[in-house]
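Overview (structure and organization)
The residues making up each chain are set out below.
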Amino acid sequence: MAETIEASLKEQRRFEPFEEFARQANMNDPNVYKRAEDDLEGFWEELAGNIDWYKKWDSVLNWEPPHAEWFTGGKLNASYNCLDRHIEKRGDKTAILWEGEMGEVRTYTYRELLDATGRFANALKGLGIKKGDIVTIYLPMIPEAAIAMLACARIGAPHSVVFAGFSADALAQRMNDAQSKFVITCDGYSRRGKVLDHKGKTDEGVAKTGDVEKVIVVKHADNDIVMQPGRDIWWHELLGSAEPSCEPELMDSEDMLFLMYTSGTTGMPKGVVHTTGGYMVGTHVTANWIFDLKENDVYWCTADVGWITGHSYIVYGPLSNGSTVVMYEGAPDYPDKDRFWKIVEKHRVTIFYTAPTAIRVFMKWGQEIPAQHDLSSLRLIGSVGEPINPSAWLWYYENIGGSRCPLVDTWWQTETGMVLITPLPGLTTLKPGSATKPFPGIKAAVLDDSGNQVAGGQGGNLAIQAPWPGMIRAVYQDEKRFIDTYWSKWGVGTYFSGDGARQDEDGCFWVLGRVDDVIKVAGHRLGTMEIESSLVSHPAVAEAAVVGMYDELKGEAIFCYVTLEGTAIESEELRKELVGHVANEIGSIARPKGIVFADDLPKTRSGKIMRRILKAIADGTDVGNITTLQNPEAVEVLKRKLEEFNSGLG
Ligand code: WT7
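First, a word on scope: everything that follows refers to the structure included in this document. All figures in this text were calculated on a predicted structure; none of them were measured in a lab.

Here's the deal with the packing of helix 19 (residues 528-536) against helix 20 (residues 572-585)
Orientation of helix 19 relative to helix 20, taken along the N-to-C sense of each, is 120 degrees, at an axis distance of 9 Å. Here helix 20 runs oblique to helix 19, going by the angle between their axes. Helix 19 and helix 20 meet at a crossing whose hand is right-handed. For the pair formed by helix 19 and helix 20, the contact residues are Ile531, Ser534 and Leu535 on the first element and Leu578, His581, Val582 and Glu585 on the second.

If you want it as structure tokens, here you go:
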């Protein structure tokens, strides 16, 4: 039933751009698509002029598939582009408006943000950190996270931000892979009124790394912590003694700006390498055209700086545009379920960018909650992170956007660095549930497994057939994985996104979700293999298979099938212990929704676990043909176990 409604919504609704919005939009020239298609390099070259360069590039693009260099020979600095160049025109304008969970507000003007960044950059240099050293940033949503990123960019030390909600093990894993010897953390932070001991978690992680030299600690929650003499230093002490002025390092366009770890189809996350010139051009222009940033906008993206969205659309994109950016520390339901709308009302937010999972939760809480607040300051709303179902799209459009704001559903990935498929709010007809059109200059297609274009609105794999400036340059120190994951499905010139999609008769894209072993849980990206390796690291577990189970709010939830070691005994305690084990090893975003114990998992004759069947069992959908299985009888047993599990939930 629900599916029929969704299907009919998909086919029927169309929203033309608002005339008044279109008239004032930063991009309202319909020829832009054709211009970009006719002269891809000329198109990006012109846009590169919106970034400040110390030295102009020698060539726009060197494309030796799958390796791209953008703006080769150009020299620039990302922090200069986000800070220094705004001082003359908007030095006293608010750059960051931060609100803590307890309601405290701190603001930084562009001048103050430059001052703090310069001081911290000098402090980093004083500790011996030089160009090329990878600095780990393990901070929650506080202004120091952005300052630390910009300071690293200023001195040419690539940052690797690790989401603060990740576990000590996850921190150690990423620091070890990056051979990072420096980490910036804090004492604690507030989550639903409770102070979390972040320094304790950092210490535990650092203990599992090689030779970490310095741990810089922001005093934020004022909780009791232990500082290790010689290794740990307070942020405020470093800052207090540092000079504010720090010359930005002249970075090559292709020098690494940052590393961002993201989950893939093996147990180990990949270090996605982004470089400086192309990334800055790409995030600058997408932020400008898609969010239509204007001088007086108050822009709020609710993502965490620990993810790519926080990098591209809290820090580098909006700040390079000189925007006022809101950062909120805490949970959407603290102290009450109207916290987000209180923030919008209080700070007169004009642009609001969030995730479908949040929208579905707001929907469940009820429209009366946002209705109690004045949201009339909003003029554009956006969505990112997973497919947005048409009913959530319409709810968001009507109840948050007041049916007067364009809604941009933006498709992209950690690897793409910048938005690739999206409406342009002054030009594009919106369809609830579709991310609509490739951004100008982006060549997207739906291909079958052999690389043929899929016709007639059928589903296939989402591919990108030409390079773009913000694209992934490497998997850190793993060229083979870079090629195998992204560039080998159809040959080295075509990027494989890992997503399924279909294209309708108007050329609009409908992203259907992942086609690989990556799942999206409340918008967070996790590898099923990562969770499986965590489960089998527990002594009671012999074998584990993890699937994304349909979940009304989270999109997908983690569901595990576990075979126990010979001596281990099934019990409710053990189930709880395993759930806790995974949450502890990866982070609470990876907490399984369910675990069933299975004596036998459905396998092919060659012994491969059939995850497709396990997913169908978890979702209660048709398992399809199982006659080729080595053990088809296992399917019935698991179906019964699922029924027991679901009745227990009910
Ligand atoms: C995956 C990338 C890119 C920022 C946040 C996530 C899914 C992302 C959309 C969208 C449908 C989407 C895809 C993609 N995704 N945006 N608008 N519609 N799906 O970055 O963690 O690298 O995840 O998120 O499955 O592959 P990420």
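Quick notes on the sheet that holds strand 7 (residues 159-161)
One open sheet holds the 8 strands; their spatial order is 12-11-8-6-7-14-15-23, and the pairing between them is mixed. Edge positions in the open sheet fall to strand 12 (232-234) and strand 23 (474-475), since each of these has one partner strand only. Taken together, the 3 bridges between strand 11 (residues 214-218) and strand 12 define a ladder with parallel strand orientation. Within strand 12, the position partnered with Val215 by the bridge is Asp232.

Concerning the pattern of salt bridges
One pass over the structure, following the stated rule, counts 46 salt bridges. Among the ionic pairs, Lys480 bridges to Asp484, the shortest N-O distance being 2.6 Å. Of this pair, Lys480 and Asp484 are both found in helix 18 (residues 479-486), 4 residues apart, which corresponds to roughly one turn of the helix. A residue is classified by how much of its surface remains accessible, and Lys480, at 58% relative accessible area, is exposed. Asp484 sits in the partly exposed class, given a relative accessible area of 41%. Through salt bridges with shared partners, a single ionic network connects Arg14, Lys431, Asp504 and Asp506.

Considerations on the site of the ligand
The ligand sits among 17 residues. The nearest are Asp409, Thr410, Thr414, Asp499 and Arg525. Residue Glu386 places a main-chain N or O atom 3.4 Å away from a nitrogen atom belonging to the ligand. A distance of 2.7 Å separates an oxygen atom of the ligand from a polar side-chain atom of Arg525. Computed on the free molecule, the ligand has an accessible area of 550 Å², of which 96% lies beneath the protein chains in the complex.

Section: the side chain of Lys520
Following the sequence through the fold, Lys520 ends up in strand 26 (residues 518-521). Notably, Lys520 is buried but unbridged: the nearest opposite-charge side chain belongs to Glu386, and the N-O separation is 7.2 Å. At 2.7 Å, the side chain of Lys520 and the backbone oxygen of Gly385 are in polar contact. Of note is the side chain of Lys520, whose polar atom sits 3.1 Å from the backbone oxygen of Gly523. If we ignore the near neighbours within four places in the chain, the residues touching Lys520 are Gly385, Arg525, Lys554 and Glu556.

So, helix 8 (residues 143-155)
Helix length check: helix 8, at 13 residues, gives a terminal C-alpha distance of 19 Å against a target of 18 Å (1.5 Å per residue), a fit within 8%. In terms of residue burial, helix 8 counts as a mostly covered element, since 13 of its 13 residues are buried. Of the residues one or two after helix 8, Gly156 is the one with positive phi, at around 80 degrees.

Looking at the nonpolar core
Across soluble globular proteins, nonpolar side chains show a tendency to be buried alongside one another. Counting residues in hydrophobic clusters, the biggest one holds 121 residues, and the most contacted among them are Trp44, Phe120, Phe291 and Tyr316. The contacts of Phe291, once residues within four sequence positions are left out, are Thr286, Tyr299, Tyr313, Ile351, Tyr353, Arg379, Leu380 and Val408. Counting 36 residues, the second largest nonpolar core, distinct from the first, contains Val541, Val562, Ile589 and Phe597.

Focus on the environment of Arg605
By secondary structure assignment, the location of Arg605 is in the loop between strand 30 (594-597) and helix 21 (611-619). By relative accessible area, which is 61% here, Arg605 ends up exposed. A sequence separation of 25 residues divides Arg605 from Gln630, and the C-alpha atoms of the two residues are 4.7 Å apart.

Describing the packing of aromatic side chains
Applying the stated criterion across every chain, the model contains 45 aromatic pairs. A centroid spacing of 5.3 Å and a plane angle of 70 degrees characterise the contact between Phe559 and Tyr561, whose relative ring orientation is edge-to-face. Here Phe559 falls in the buried class, since its relative accessible area comes to 0%. Using a relative accessible area of 0% as the deciding quantity, one classes Tyr561 as buried. Ring pairs connect the aromatic residues Phe43, Trp44, Trp53, Trp57, Trp70, Phe71, Trp289 and Phe439, which therefore count as one cluster. Over the ring of Trp234 we find Lys219; its NZ or CZ atom is 4.3 Å from the centre of that ring.

Parameters and conventions
- Residues numbered from 1 in each chain as written.
- Predicted model: local features only at pLDDT ≥ 70, side-chain atom pairs only at ≥ 80, totals over all residues.
- Heavy atoms only, no water.
- Axes fitted to C-alpha atoms, helices over the stretch in contact; angles between N-to-C directions.
- Helix = DSSP H or I, 4+ residues; strand = E, 2+ residues; numbered from the N terminus.
- Parallel < 35°, antiparallel > 145°, perpendicular 65-115°, else oblique.
- Left-handed = near helix turned anticlockwise from the far one by under 90°.
- Contact = heavy atoms within 4.5 Å.
- Pairing = 2+ DSSP bridges.
- Salt bridge = Lys/Arg side-chain N within 4 Å of Asp/Glu carboxyl O.
- Buried < 20%, exposed > 50% of the residue type's maximum accessible area, 1.4 Å probe, protein only.
- Near = heavy atom within 4 Å.
- Polar contact = N/O pair within 3.5 Å; in protein donor to acceptor, adjacent residues only side chain to side chain.
- Areas by Shrake-Rupley, 256 points an atom, 1.4 Å probe, with all protein chains shown as cover.
- Lys, Arg positive; Asp, Glu negative; His and termini not counted.
- Expected span 1.5 Å × (residues − 1).
- Core = buried A, V, L, I, M, F, W, Y, C linked by side-chain atoms within 4.5 Å.
- Phe/Tyr/Trp six-rings, centres within 6.5 Å; stacked < 30°, edge-to-face > 60°.
- Lys NZ or Arg CZ within 6 Å of the ring centre and 35° of its normal.

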